Amino acid sequence: MSKRIGYIDAIKQLRLPLIVLITFAHSYSGVRMGYTLWGDGWDTYEVLKIVVSQTLCKVAMPAFFVMSGYLFFANVTEWNAKTYLGKLRRRVKTLLIPYIVWNLLMAIKLRTFSLNIFWAFWPEAGKQIDCLGHEQLMTAPANMPLWFLRDLMVVALLTPIIYIGIRKMGAWLLVIITPLYLSGVCAFIPGLSAYAIYFFILGAFLGVRKMNIIDTCMKYEKPSYFMATIFGLAMICTFRTPVFSSLMLCFRLVGVAAVFCLANRLLSCTNKRIPQVVCDASYFVYLAHYVFFFAFIDSAFFSLFGSSTPSMCIHYLACPLLKAAILVGVYVLYRLIVSALRLS
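Presented here is an overview of the structure given in this document. Quick caveat, the model's predicted, so the values are computed rather than measured. (Residues numbered from 1 in each chain as written. Predicted model: local features only at pLDDT ≥ 70, side-chain atom pairs only at ≥ 80, totals over all residues. Heavy atoms only, no water.)

**Brief notes about unusual backbone geometry**
Generally, phi is negative for residues other than glycine and the peptide bonds are trans, each holding for most cases.
Reasoning step 1: Positive phi, close to 60 degrees, is recorded for C186, a residue that is not glycine.
Reasoning step 2: On the accessibility criterion, C186 (40% relative accessible area) is partly exposed.
Reasoning step 3: In this model, R240 sits at a positive phi of 70 degrees, which is unusual for a non-glycine residue.
Reasoning step 4: Relative to the helices and strands, R240 resides in the loop between helix 11 (221-237) and helix 12 (243-268).
Reasoning step 5: On the basis of relative accessibility, which here comes to 36%, the residue R240 falls in the partly exposed class. (Buried < 20%, exposed > 50% of the residue type's maximum accessible area, 1.4 Å probe, protein only. Helix = DSSP H or I, 4+ residues; strand = E, 2+ residues; numbered from the N terminus.)

**A short note on helix 8 (residues 171-183)**
Reasoning step 1: The terminal C-alpha atoms of helix 8, which comprises 13 residues, lie 19 Å apart, in line with the 18 Å expected from a rise of 1.5 Å per residue.
Reasoning step 2: Its maximal kink placed at I177, helix 8 deviates by approximately 25 degrees, while the proline P179 follows within four residues.
Reasoning step 3: Every buried residue of helix 8 is listed here: L173, L174, I177, T178, Y181 and S183.
Reasoning step 4: On the buried face of helix 8, the contacting elements are helix 7 (159-169), helix 9 (194-208) and helix 12.
Reasoning step 5: G184 sits one or two residues past helix 8 and shows a positive phi near 80 degrees. (Expected span 1.5 Å × (residues − 1). Bend = angle between axes of the 7 residues up to and from the residue. Contact = heavy atoms within 4.5 Å.)

**Some remarks on the nonpolar core**
Reasoning step 1: By size, the foremost hydrophobic cluster in this structure holds 118 residues, and its most contacted members are L18, W147, F148, F199, I213 and F260.
Reasoning step 2: Top contributing element to this core by residue count: helix 12, with 14 residues.
Reasoning step 3: When residues no more than four places from it in sequence are discounted, the contact partners of L18 are A60, A63, F64, M67 and V259. (Core = buried A, V, L, I, M, F, W, Y, C linked by side-chain atoms within 4.5 Å.)

**Looking at the pattern of salt bridges**
Reasoning step 1: Under the defined criterion, the tally for this structure stands at 9 salt bridges.
Reasoning step 2: Of the charged contacts, one joins R265 and E221 as a salt bridge, the two residues approaching to 2.7 Å between their closest N and O atoms. Of this pair, R265 sits in helix 12 while E221 sits in helix 11, and the two are 44 residues apart along the sequence.
Reasoning step 3: On the basis of relative accessible area, R265 is assigned to the partly exposed category, the value being 35%.
Reasoning step 4: What emerges from the salt-bridge pattern is a single network uniting R15, D280 and R335. (Salt bridge = Lys/Arg side-chain N within 4 Å of Asp/Glu carboxyl O.)

**Some details on a nonpolar patch on the surface**
Reasoning step 1: On the surface, V92, L96, I97, I100, V101, L104, L105, I108 and F113 cluster together to form a nonpolar patch covering roughly 740 Å² of accessible area.
Reasoning step 2: In this structure, V101 sits in helix 5 (residues 81-110).
Reasoning step 3: According to the relative accessible area criterion, V101 is partly exposed, its value standing at 39%. (Patch = residues over 30% accessible without salt bridge, like charges linked within 9 Å, V, L, I, M, F, W, Y side chains within 5 Å. Areas by Shrake-Rupley, 256 points an atom, 1.4 Å probe, with all protein chains shown as cover.)

**What about the packing of helix 1 (residues 7-25) against helix 4 (residues 60-74)?**
Reasoning step 1: At a closest axis distance of 10 Å, the pairing of helix 1 and helix 4 adopts a crossing angle of 150 degrees. When the axes of helix 1 and helix 4 are compared, the pair comes out roughly antiparallel. The handedness of the crossing between helix 1 and helix 4 is left-handed. Contacts between helix 1 and helix 4 involve Y7, I8, I11, R15, L18, I19, L21 and I22 from the former and A60, M61, A63, F64, M67, Y70, L71 and A74 from the latter.
Reasoning step 2: In terms of residue class, the contact of helix 1 with helix 4 is built from 15 nonpolar, no polar and 1 charged. (Axes fitted to C-alpha atoms, helices over the stretch in contact; angles between N-to-C directions. Parallel < 35°, antiparallel > 145°, perpendicular 65-115°, else oblique. Left-handed = near helix turned anticlockwise from the far one by under 90°. Nonpolar A, V, L, I, M, F, W, Y, C, P; charged D, E, K, R; others polar.)

Following this line, the structure appears as structure tokens:
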């Protein structure tokens, strides 16, 4: 029987792998215009991008919203104005300031500036089809991946309402909001996306009720693996069809549970852990990877290996990992320098 893994350990160890998935989603995720598996047949490179960037990566941000909601309430023993304001003050340093700085850096890179860089600079950063057949467009700030921080900060402001809802309604709150989330309606309202609110509330529900997030997910381990596999395969087969979006919403939901279960299984089998400083580097990788794209790595790769299908597949899998590793190295070097200066 596997040993019991604490939720803090699991969350810390999950951060970097999930951030790496996000770097894949933002690196070379564009599938050839019009390509579908059923319509155009098997294309290894395109299918690889659908599997990784358009399917597996879709679970990363929901997992972070769940973790954020859970950690917001997990250690709260008494909810009052002091607790709420204390939580918000800490998030000014950890969320708001990095959000402003890294959006400004992206604006400098793009040589543009307006207040919109902090809210909806990219009007079509993503899209999906809701249950009514309407196209829902996702907006994002100048540093596009930071839409997560934008929405997380807005949801954090709403935590008194979320807390009261969980206390008053209990599991009925989830019963009501789950169909709304699965409908895809209002999925991407800037700062108030159903996507952000739903997964944050899922985590908050467990945190408020002091339910261990790992133990809870492990109760549904086999069903979560099975359903994630079914929905994932269905997404691959239906890419660029109207049903893809609905399948994606389902995959994200069961995929989050599967991720926590898989992390628990892997961590319980070994005492080896990602070093703390490398785990801490995950936030820096998230903030920086869209600003510093390291295009010279791509140029060097294609100069050395050409653009055949095998080399394109290797490039797709290897280069995001290499770029993430460079950013991790930069962060670790920074921490070493800071530590040396403090000791001197």
